[in-house]
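Fold and geometry: a report
Chain by chain, the residues run as shown.
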Amino acid sequence: MFLINCPFCGEREQSEFKAGGEAHIVRPKQPTELSDDQWAEYLFMRKNIKGIQFERWNHIHGCRKWFNMVRDTSNDEIKAVYKMGEKPPIK
Amino acid sequence: MTKNLRVKSSKLVDETYRISFKFNGTTYYGFKGDTLASALLANNIHLVGRSFKYHRPRGIMTAGSEEPNAIVQLHNGTSRTEPNVRATEIEIYEGLVASSQNCWPSVKFDIGGINNFLSPLLPAGFYYKTFMWPASFWEKYEYFIRKSAGLGKSPDVPDPDIYEHKYIHCDVLVIGAGISGIMAAKTAAKNGFKTLLVEEKSYLGGSTIYQDSEFFKINNQNSASWLEKEINEVKKIENLEIKTRTSVAAFHGYNFLLARENLTDHLPLEQRENKTRQKLLKIRAKKVITATGSIERPLIFDNNDRPGILLSSAIKKYADLFGVACGEKNVLFTNNDSAYETAISLIQKGIKVQAIIDNREEIDSKLIKETEKNNIKIYKGYTIVDTFGYKRINSVSIMKLSKDGQKVIGSKENISCDSLGISGGWTPAVHLFTQSGGKLKFRDDDQVFIPNTYPSNQISIGSCNGDFTLDEILINTPKLLKEFLNITKTEYENIEIFSAFNKSKRNIWLLPSNKIVGKTKSFVDFQNDATAKDIKLALREGFRSIEHVKRYTTTGMGTDQGKLGNMHALGIISETASSKLGELGTTTFRPPYTPLTFGTIVGRNVGKYFDITRKTPIHEWHVENKAEFENVGQWKRAWYYPKNGENMHQAVQRESKAARDSAGILDASTLGKIDIQGTDASEFLNRVYTNAWSKLEIGKCRYGLMLNEDGMVYDDGVTTRLDENHYIMTTTTGGAATVLGKLEDYLQTEWPELDVYLTSVTDHYATISVCGPNSKKIIQKVIPEIDLSDKDFPHMSFRNSIIGKVKCRVMRISFTGEQSYEINIQANYAKSVWENCMEAGKEFNITPYGTETMHLLRAEKGFIIAGQDTDATMTPIDLQMDWIVSKKKFDFIGKRSLYRSDTIREDRKQLVGLITDNPEEILEEGAQIVADMNKTPIEMLGHVTSSYFSPNLKKSIALGVVKGGKNMMGQKLIIPMEKKQINVTVTDPVFLDKENKRLNA
Ligand SMILES: [Zn+2]
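Residues numbered from 1 in each chain as written. Chains lettered and ligands numbered in written order. Predicted model: local features only at pLDDT ≥ 70, side-chain atom pairs only at ≥ 80, totals over all residues. Heavy atoms only, no water.

1. So, the coordination of the zinc ion
Residues and elements named next belong to chain A.
- Summarising the metal site, the zinc ion is bound by the protein donors Cys6 (SG), Cys9 (SG), His59 (ND1) and Cys63 (SG), whose distances to it range over 2.0 to 2.3 Å.
- The site at the zinc ion holds 4 donor atoms, and with the angles between them running 103 to 114°, its shape is tetrahedral.
- Under the relative-accessibility criterion, Cys63 is labelled partly exposed at 29%. (Donors = N, O, S within 2.8 Å, 3.2 Å for Na, K, Ca; no water. Tetrahedral: all angles 85-135°; square planar, octahedral: opposite > 155°, others 65-115°. Buried < 20%, exposed > 50% of the residue type's maximum accessible area, 1.4 Å probe, protein only.)

2. Some thoughts on the pattern of salt bridges
Residue and element names in this part refer to chain B.
- For the structure shown, the criterion picks out 68 salt bridges over all chains.
- With its nearest N and O atoms 3.0 Å apart, the salt bridge here joins Glu233 to Lys186. Taken together, the positions of Glu233 in helix H6 (residues 223–234) and Lys186 in helix H5 (residues 179–190) put the pair 47 residues apart, joining distant regions of the chain.
- On the accessibility criterion, Lys186 (1% relative accessible area) is buried.
- Shared partners join several salt bridges into a network, and the residues in it are Lys186, Lys190, Glu230, Glu233 and Glu491. (Salt bridge = Lys/Arg side-chain N within 4 Å of Asp/Glu carboxyl O. Helix = DSSP H or I, 4+ residues; strand = E, 2+ residues; numbered from the N terminus.)

3. A short note on the sheet that holds strand E17 (residues 309–311) of chain B
All names here are of chain B.
- Taken together, the 5 strands give an open sheet; going across it, the order is E17-E24-E18-E19-E20, and neighbouring strands pair in parallel fashion. Looking along the sheet, the strands with just one partner apiece sit at the ends: E17 and strand E20 (377–380). Put simply, the sheet's adjacent strands are angled 20° from each other on average, direction ignored.
- Bridging between strand E18 (residues 330–334) and strand E19 (residues 353–358) involves 5 bridges; their strand directions are parallel. What sits directly across from Val331, in E19, is Ala355.
- Sheet contacts for helix H7 (residues 312–322): E17, E18 and strand E24 (419–423); angle to E17, the most-contacted strand, approximately 85°. (Pairing = 2+ DSSP bridges. Axes fitted to C-alpha atoms, helices over the stretch in contact; angles between N-to-C directions. Contact = heavy atoms within 4.5 Å.)

4. Concerning the pairing of strand E43 (residues 820–826) of chain B
Residue and element names in this part refer to chain B.
- With respect to burial, E43 is a largely interior element, 6 of its 7 residues being buried.
- As paired strands, strand E40 (residues 765–771) and E43 are joined by 7 bridges and run antiparallel to one another. Within E43, the position partnered with Tyr765 by the bridge is Gln826.
- The pairing of strand E42 (residues 806–812) with E43 spans 4 bridges and is antiparallel. What sits directly across from Met811, in E43, is Glu822.

5. Points about the sheet that holds strand E3 (residues 18–22) of chain A
Residue and element names in this part refer to chain A.
- In spatial order, the strands read E3-E4-E5-E6; together these 4 strands make up an open sheet with antiparallel pairing. Edge positions in the open sheet fall to E3 and strand E6 (77–83), since each of these has one partner strand only. The average angle at which neighbouring strand axes cross in this sheet is 35°, direction not considered.
- Sheet topology places E3 next to strand E4 (residues 52–58); 3 bridges connect them, and they run antiparallel. Note that in E4 the partner of Lys18 across the bridge is Asn58.

Right under this line is the structure:
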């Protein structure tokens, strides 16, 4: 079980958090202009990487804030956490 | 038969404290400190069970948690009976009653024993090959397999014991209190680390604590005496907590570990009342030091499983620690020096050692010399080729090994015995290390896997790290500790060590025999009855991956997870397939390391504490008025209020009729309520609901549908504009938390520029809904100052008001189709307002109704319930609710998905009404809907989602989803049931008052 460093609260048990899938997927500004394929790309397609992955997490039983995490899925090492809207500190 | 095999001078048992216990119906005696296994052995009982597949007689094999055979059922009354208890771990207590588990009808005569003679017919994969085919027969096979496999009996009444969970945070966790664990705990604690030391046994010191001879010395004292002094010091250190009888079950990432602390299982039954039985410790440690020791390997030869065959180290332990001789004529069989340690212990205690059979040809150590001095015959370069004795070993056959160890030569010789100790060297207990994600490396010298790379802040020390001998431990452990704890010095520098142990070992995974492998029963996994022959068969059949061989042969799949034989399985595979052992990898060790009781896992979360129960502020009134309750999520909701012995149907019919004929009252407090404020609140609602919100006047209410981004309906409710920038949104009872979560998600991540604040106020306000033609009169009596005229307070509007001195909000909204008012009031006043309504409504026969009537009334009107009439595949168009989807709005969540190629299909399942030909016939919710019974396969068009008998329409009504249903109005369809077919007609989903006249009646 992870120990997650919430950018607002500090280190907390994983059981206080909820995972929210892949990060940095921006909702299209004008969905109506998109083709079915383009919309499906936004709606359904998610990466499932072995290695460095960018993820959304929510401190659901804490400050309820969403934030981003960089995690190596091969060994579960959390490389970084950062606030929504911030650029990932790692490529 | 009940000979006493107790010898003097044991470390652990108190011979002044006698305890009686029962095993398989007979009463025996042991002493305080005995395990069930040591007490049975003292009574000369080896036969304790039958093997899983062949039902061969099996005896106690080990003295620890790695035990594969001695698994018993404990009977502490019907509610405390416990299966799968290892006799080697349970400490005896006054009143203990145990019985053999894996045998039927009795351990001495076991019907399944015939499998032993049928064994040529029961090869590896037998179950897969036979019982899986034909599939329809499985049910019949299963009964017999389960009965004869007899995996113990679980109690069939609730567990009366108390279990707890506890969180522990520490700087250093040390697992295992053997010599290296003690050194580590002392060093860590003395250097200021808050330290926790856990040990699965009842005592500290591991195997060194009974390594009491002149052949193992530290600073000129016997190693046992030296360690005892260390332990006494360790017990006095303040920032060191020690927990015995505590076994670590799981080692997860980020140094999170689960351990089970056993608090009462060793106590007499009457001393256990009102005490916590077991605790699940949830440990988060900054640093973990694993010192879990090692497990002695058996040797693999023909008939190596008879009662009386034990690990050589177990024989030593029973003698040293418990003062018990495992036999009067002991033979030891070894490939390394460990058996000589056992021999010396037995000699010291006056227990006879008949002979030692050693695989090695050329051997020399002080231990061996000492053994020879005692006139014990040593057969060097020999192996055992067979053993004899059905329920207890009585002799062994030995033969000389060839130079290369591949075959046996010369003639057979027989040695009689009543106990055989086997030693194949040692396997580091790396289970927890690998659970944590650690990677192993193979050490060719002595053929062991040892820790290589650590995934978290942890180390392994002592024999679980491959340091098996006293000198290795005392030299390497301080070095490792200094680096790990970042300290410059330990107390263990310049220590004088003397160890008579010589490390030489002759490793032969499968010992040769004068028979061909196919004719031998050389057990690798004792619990699951997997033999060397089975593994070879699996390889012949083409299995290569160790994970596949494991599953096919069931090697390592018992409750002991193959702690004894897994290495041999790997060894045999590598030898047979000529692959390198280090490259084969190992199977995965999964938690728990030793089995956990369900009680420990659930802790206090049982019965009414299993989940949170939410009650409305009016709950007590419902209880007083004999409501039946329904669970809706965590909420208890009044379901119906039976009167004078009514059943549910009768009560619901009465309530439904009263609500339409005069007045009904509903506790709607469980509806989710979200307070929305901010200058962009209207814009926000525009984006999350399908309809338009900008033009909603202050004081007006509007119904809204919420979609997921994929266009599917997931919640609905009425939202009211309280002020320019202030709304109150209601959600379904079950959807409240997810709706709030989803709205927060969009606000925080997609639209952070919006000035909107969301607050859950579900628990702050109670909601009382009064409906029916007389509702207006009742509300007027309860709130005299409010103007309820249709002109001033029309349907879908809201007014602030006051009841007594308490402010309230009144909404005129309706989920029943009747004229209807909802009073929202601060929760702690709700019950008295409810009582006011009941009092005011008396003259109108105001009738409290529950969720069932609410569902019926809304179904008459064709109103959906999100989650009942919808699943995650219904769009608003599918629900025939096109009217609520704004065509003008540029965007809202889910909009784009409403015209994907899939969502515009004409033949999607659509919501329709269903009327049965026979008006008395009520459909079953969930029943399938078809058009043509003769088509094969029959095409399922949809299913019934809601179904009731309407007392107001005096007929059965139902809602359902049907493929292309929108265009099927008036068409006949069939609901096929088990014994009949029900004919229905497709209709509009609105059954009652299509013109909405009743809203203003
Ligand atoms: Zn937080």
